[in-house]
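As a plain string of letters, each chain reads:
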Amino acid sequence: MRVMTFNCNGIRAAQRKGFFDWLAGRDVDLVCLQETKAREAQLLELEAKAGEAVFHPAGFHCHYFDAEKKGYSGTAVFSRREPLRVQRGFGFHLADSEGRYLQADFEGFSVISLYLPSGSAGEERQRRKFAFMDAFMAHLRELRGHGREYLICGDWNICHREIDLKNWRSNQKNSGFLPEERAWLDELYGEVGYVDAFREVNQRGEQYTWWSQRGQARANNVGWRLDLQVATPGLAEAVKSAEIVDGIAKPAENFSDHAPLTMEYDLRL
């Protein structure tokens, strides 16, 4: 099973940059998108005008979870197999009103497309991020008691260790690498028992999935590894490989300020 996660920074913008044409040539079973920034009704209108189901690509069952606010946040899951159940939100208003959590259940496991808030816009946004983290940690603990496997794919907006961002020294007081955020991931991976699936197969440095649009950050690979596939132990044991399509050597594959992360698991959808 091959699973892709990608913060598209606007699904319409990513489409104009060629994302869906590129996706058609990729061998993936599941695609988790974040920050779609569109309501599905808007996408259907565009498809009707174009006479082509661009945002519902052939061969996939497509599910969207839109934010209440137009042009903001939002998640999606595309799957080769129709899910047994789709859950939008997890009962926390910030997540549910902004379309930040979309869960698809399959036989024996569930896949979640997650868009954890950023706190970089100021103190109030950071407080909202911490509130989300508190509620989400309680939910993640609850999931561990369900007796099934979970794979949470998305933009987590946190780097865990120094290896996960280029300029870690200068970012220790910035959202995304705060001590409290890193301790939260310590708890997630330690006490609660989830696994950073990427690090199961790739321990190298300079493996980033997001770059500032200022200066030449992407060209110089001055980035952050914000996009993760976080798994319960049973799924983590099945990890075979990981690929980041960073768009550095091939700018035509630069569809967003984030890069698609695709991971292969030794199981079938």
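See the structure above.
Below is a summary of the structure that appears in this document.

About the cut-offs
Residues numbered from 1 in each chain as written. Predicted model: local features only at pLDDT ≥ 70, side-chain atom pairs only at ≥ 80, totals over all residues. Heavy atoms only, no water. Axes fitted to C-alpha atoms, helices over the stretch in contact; angles between N-to-C directions. Helix = DSSP H or I, 4+ residues; strand = E, 2+ residues; numbered from the N terminus. Parallel < 35°, antiparallel > 145°, perpendicular 65-115°, else oblique. Contact = heavy atoms within 4.5 Å. Nonpolar A, V, L, I, M, F, W, Y, C, P; charged D, E, K, R; others polar. Salt bridge = Lys/Arg side-chain N within 4 Å of Asp/Glu carboxyl O. Buried < 20%, exposed > 50% of the residue type's maximum accessible area, 1.4 Å probe, protein only. Arc of directions from axis to C-beta. 1 Å grid on protein atoms, 1.4 Å probe; cavity = no way out; pocket = protein on both sides within 12 Å on 5 of 7 lines; lining within 4 Å. Points joined across faces, edges and corners; volume = space filled by probe spheres on them. Phe/Tyr/Trp six-rings, centres within 6.5 Å; stacked < 30°, edge-to-face > 60°. Lys NZ or Arg CZ within 6 Å of the ring centre and 35° of its normal.

## Things to note about the packing of helix α5 (residues 123–144) against helix α6 (residues 179–189)
If you want to describe how two helices pack, look at the angle between their axes and the distance between the axes. Between α5 and α6, the shortest axis-to-axis distance is 12 Å and the interhelical angle comes to 5°. Compared by their axis directions, α5 and α6 come out roughly parallel. Where α5 abuts α6, its residues Q126, K129, F130, M133, F136, M137, L140 and R141 lie against E180, E181, W184, E187 and L188. When grouped by side-chain class, the residues that make up the contact of α5 with α6 number seven nonpolar, one polar and five charged.

## Considering the pattern of salt bridges
Summed over all chains, the structure comprises 16 salt bridges. Of the charged contacts, one joins R127 and E123 as a salt bridge, the two residues approaching to 4.0 Å between their closest N and O atoms. Here R127 and its partner E123 are both found in helix α5, four residues apart, which amounts to about one turn of the helix. Judged by its relative accessible area of 49%, R127 falls in the partly exposed class. Two residues, D164 and R199, come together in a salt bridge whose shortest N-O distance is 2.8 Å. Here the residue D164 occupies a position in the loop between β8 (149–155) and α6, and R199 occupies one in helix α7 (residues 197–201), the gap between them amounting to 35 residues. Note on D164: relative accessible area 2%, which makes it buried. Among the residues examined, R199 registers a relative accessible area of 11% and is labelled buried. Here the salt bridges share partners, and the residues they tie into one network are D164, D196, R199 and R225.

## Looking at α6
One turn of the α-helix equals 3.6 residues, which is why residues spaced by three or four share an orientation. Taken together, the buried positions of α6 are occupied by E181, W184, L185, L188 and Y189. All buried residues of α6 fall inside an arc of 125° around its axis, so they share one side. Where the residues of α6 are buried, they touch α5, β9 (195–196) and β12 (227–231).

## Some remarks on the layout of surface pockets
Each pocket or cavity is described by its volume, and for the largest pocket that value is around 530 Å³. Along the wall of the largest pocket there are 23 residues; nearest its centre are S118, S120, N157, W210 and L226. When the residues that make up the lining of the largest pocket are grouped by side-chain class, the tally is six nonpolar, 12 polar and five charged.

## Details of the packing of aromatic side chains
One pass over the full model with this rule turns up 20 aromatic pairs. Ring geometry for W22 versus F255: centroids 5.2 Å apart, planes at 50°, classification tilted. Remark: F255 occurs in the loop between β13 (239–244) and β14 (261–265) and W22 occurs in helix α2 (residues 19–23); sequence separation between them is 233 residues. Ring plane angle 50° and centroid distance 6.2 Å describe the contact between W156 and W184, whose orientation is recorded as tilted. Here W156, found in the loop between β8 and α6, pairs with W184, found in helix α6; they are 28 residues apart in sequence, far enough to count as distant. Taken as a pair, W156 and W184 share a single burial class, namely buried. An aromatic cluster is defined as three or more aromatic residues linked by ring pairs; in this entry it consists of F6, F19, F20, W22, F55, F60, Y64, F78 and F255. Above the face of the F60 ring, R80 is positioned so that its terminal group lies 3.8 Å from the ring centre. Just above the ring of Y194 sits the side chain of R144; from NZ or CZ to the centre is 5.7 Å.

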